[in-house]
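So the chains spell out like this:
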Amino acid sequence: MKLTSFHINGKKTFITLTAIIFTALALTSCRTKETAAAKYFESMNTFMKVQCYGDNAEAANEEAQKLIGSLEKLISVTKPESEIYALNHAESYPVEVSEKTAGLLKTALSIAENSDGAFNPCLYPVTSTWGFTKKSYRIPPQSELDKLLKLCNWRNVKIEGNKVTAQPGMMFDLGGIGKGFAGDEAIKVLKQYGIESALLDLGGNIQTIGTKPDGTDWTIGIKNPFEEGAIGALKTSAGAVITSGGYERFFIGDDGKRYIHIFDGSTGRPVDNNVQSATAIGSTGTYCDGLSTTLFVLGPERAVQFWKKNPDFDFIIITSDKTIWLTKGIEKSFELLVGEDAGFKIKVIE
Ligand code: ADP
Ligand code: MG
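Bear in mind that the values here come from a model prediction, so they are computed numbers and not experimental data.

(A) Representation of the overall build of the protein. Counting its secondary structure elements, the protein contains eight helices and 19 strands. Along the longest, intermediate and shortest principal axes, the C-alpha atoms of the protein span 95 × 55 × 35 Å. Per-residue burial for the protein yields a buried fraction of 48% across its 350 residues. Here the protein displays about 17,400 Å² of accessible surface, and carbon together with sulfur accounts for 52% of that area. Where the 38 positive side-chain charges of the protein centre and where its 41 negative ones centre are 3 Å apart.

And the structure:
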């Protein structure tokens, strides 16, 4: 393909021009699709990885990481400079918060309402007395939990505009929804940089933009809750695949029992049902993170009832008896990666 061929004859010139144009197009699209940037960092007490594809991948990634870091200033329960900290230590109400925090609180309260309190963003008096925030664990007596539960009634929270009113002593814990929210906010930033393809792994919460650079669905591993490795692979471009696992954070009490970090708001005690992990699949991180915690608390039978009333997501729940509960929308895109001898069975929910 020499430029001199322009001058030789018409047909050859056409072919040469076409070749130049195709090569240029191919180069541009290769550059767009192959310019990838990956960033690994620690934030919100967990490891995160943002991998995106596009011309501005590097800069976009940088901004996304900064943004995630800045969200701790909104929702951390332990950082005195955060808005949730201010709300949790308020001497009077209403307390004005930023639009982002108000929006997140509204979403959290709507999931609480829909799940009849299985998801409860006001459990901090309880979760903190068990020592989960400071990792100094204890098993509080039920009488203490009963008193604290009186401070956990999410129905007592009112939000008007950005102004939050709660009852004295109430405290928010957005740990069940915060990482998904961070993912949604990071995705907004990446999109501002023109990123059309990205994979974010925020401590096991997977969120995506678009499809893989080659136009096909992402393949996302679903962790085996019983041992290392994946139990299955899900092909999807839904946007968010978010898992709550009992294996993630727990302590073993003096009584030899395992106490996990997901709580049953009706007892004030760590959930003790047959759920090993619960995954919500849908379009946004905030909603799916809230749902993953909700499904875990509900357990499979009540989760099915919840899903029938709110069919705007899919789920995978793995129970102790090695049943994998799958909603019908993802039946065909889920592939089991363990052999028959592992003893898992799939139950499709219609
Ligand atoms: P992870 O954040 O470990 O991925 P989850 O999304 O399930 O898992 O969030 C668990 C966190 O949610 C807990 O550490 C606690 O901060 C908070 N939490 C615990 N129980 C509940 C509940 N019933 N409703 C809402 N949030 C909860
Ligand atoms: Mg969650």
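From this point, things continue past the structure.
(B) Geometry of the layout of surface pockets. Volume-wise, the largest pocket comes out at about 1,300 Å³. Secondary structure elements with two or more residues in the lining of the largest pocket: β2 (46-53), α2 (57-75), α5 (124-129), α7 (178-192), β10 (240-245) and α8 (285-309). Here the lining of the largest pocket takes four residues from α8, the largest share from any one element. When its residues are assigned to classes, the lining of the largest pocket shows 14 nonpolar, 18 polar and eight charged. Roughly 410 Å³ of internal volume is contained in the second largest pocket. If one sorts the elements of the lining of the second largest pocket by residue count, α8 sits on top with six residues.

(C) Looking closely at the sheet that holds strand β15 (residues 275-282). Strands sit in the order β1-β2-β6-β7-β10-β15-β16-β17-β19 across an open sheet of nine strands; the sheet is mixed. Each edge of the open sheet is held by one strand with a lone partner, namely β1 (36-43) and β19 (345-349). Across the sheet, the axes of successive neighbouring strands diverge by a mean angle of 10°, strand direction being ignored. Pairing of strand β16 (residues 314-319) with strand β17 (residues 323-327), which is carried by three bridges, proceeds in the antiparallel orientation.

(D) Region of the structure containing the site of ligand 1. Residues in contact with ligand 1 amount to 18 residues; listed here are only the nearest, D173, S244, E248, H261 and F263. In the model, a nitrogen atom of ligand 1 is placed 2.9 Å from a nitrogen or oxygen of the N120 main chain. Interatomic distance of 2.9 Å between a backbone N/O atom of G176 and an oxygen atom of ligand 1. Here ligand 1 has 570 Å² of accessible area as a free molecule, and 96% of this is covered by the chains. In a pocket analysis with a 2 Å cut-off to the grid points, ligand 1 is assigned to the largest pocket. Mapped onto the shell around ligand 1, the elements with two or more residues apiece are β10 and α8. For the shell around ligand 1, the residue count by class is six nonpolar, seven polar and five charged.

(E) Representation of the confidence of the model for the protein in the model. For the protein, mean pLDDT is 90; residues scoring 70 or higher make up 90% of the total. Residue range residues 1-32 is modelled with pLDDT below 50. Its contacts to residues more than four positions away, or to other chains, number 17 contacts.

(F) Highlighting the coordination of the magnesium ion (ligand 2). Surrounding the magnesium ion (ligand 2) are the protein donor atoms G176 (O), D289 (O), D289 (OD) and T293 (OG1), at 2.1 to 2.5 Å. Binding-site remark: the magnesium ion (ligand 2) is held by donors from one chain whose sequence spacing is G-x112-D-x3-T. Of the two residues, G176 sits in the loop between β5 (163-165) and α7 while T293 sits in helix α8, which places them 117 residues apart along the sequence. Given the relative accessible area of 17%, G176 is considered buried.

About the criteria used
- Residues numbered from 1 in each chain as written.
- Chains lettered and ligands numbered in written order.
- Predicted model: local features only at pLDDT ≥ 70, side-chain atom pairs only at ≥ 80, totals over all residues.
- Heavy atoms only, no water.
- Helix = DSSP H or I, 4+ residues; strand = E, 2+ residues; numbered from the N terminus.
- Buried < 20%, exposed > 50% of the residue type's maximum accessible area, 1.4 Å probe, protein only.
- Areas by Shrake-Rupley, 256 points an atom, 1.4 Å probe, with all protein chains shown as cover.
- Lys, Arg positive; Asp, Glu negative; His and termini not counted.
- Charge placed at Lys NZ, Arg CZ, Asp CG, Glu CD.
- 1 Å grid on protein atoms, 1.4 Å probe; cavity = no way out; pocket = protein on both sides within 12 Å on 5 of 7 lines; lining within 4 Å.
- Points joined across faces, edges and corners; volume = space filled by probe spheres on them.
- Nonpolar A, V, L, I, M, F, W, Y, C, P; charged D, E, K, R; others polar.
- Pairing = 2+ DSSP bridges.
- Axes fitted to C-alpha atoms, helices over the stretch in contact; angles between N-to-C directions.
- Near = heavy atom within 4 Å.
- Polar contact = N/O pair within 3.5 Å; in protein donor to acceptor, adjacent residues only side chain to side chain.
- Sits in = over half its atoms within 2 Å of the grid points.
- pLDDT = per-residue confidence, 0-100.
- Contact = heavy atoms within 4.5 Å.
- Donors = N, O, S within 2.8 Å, 3.2 Å for Na, K, Ca; no water.

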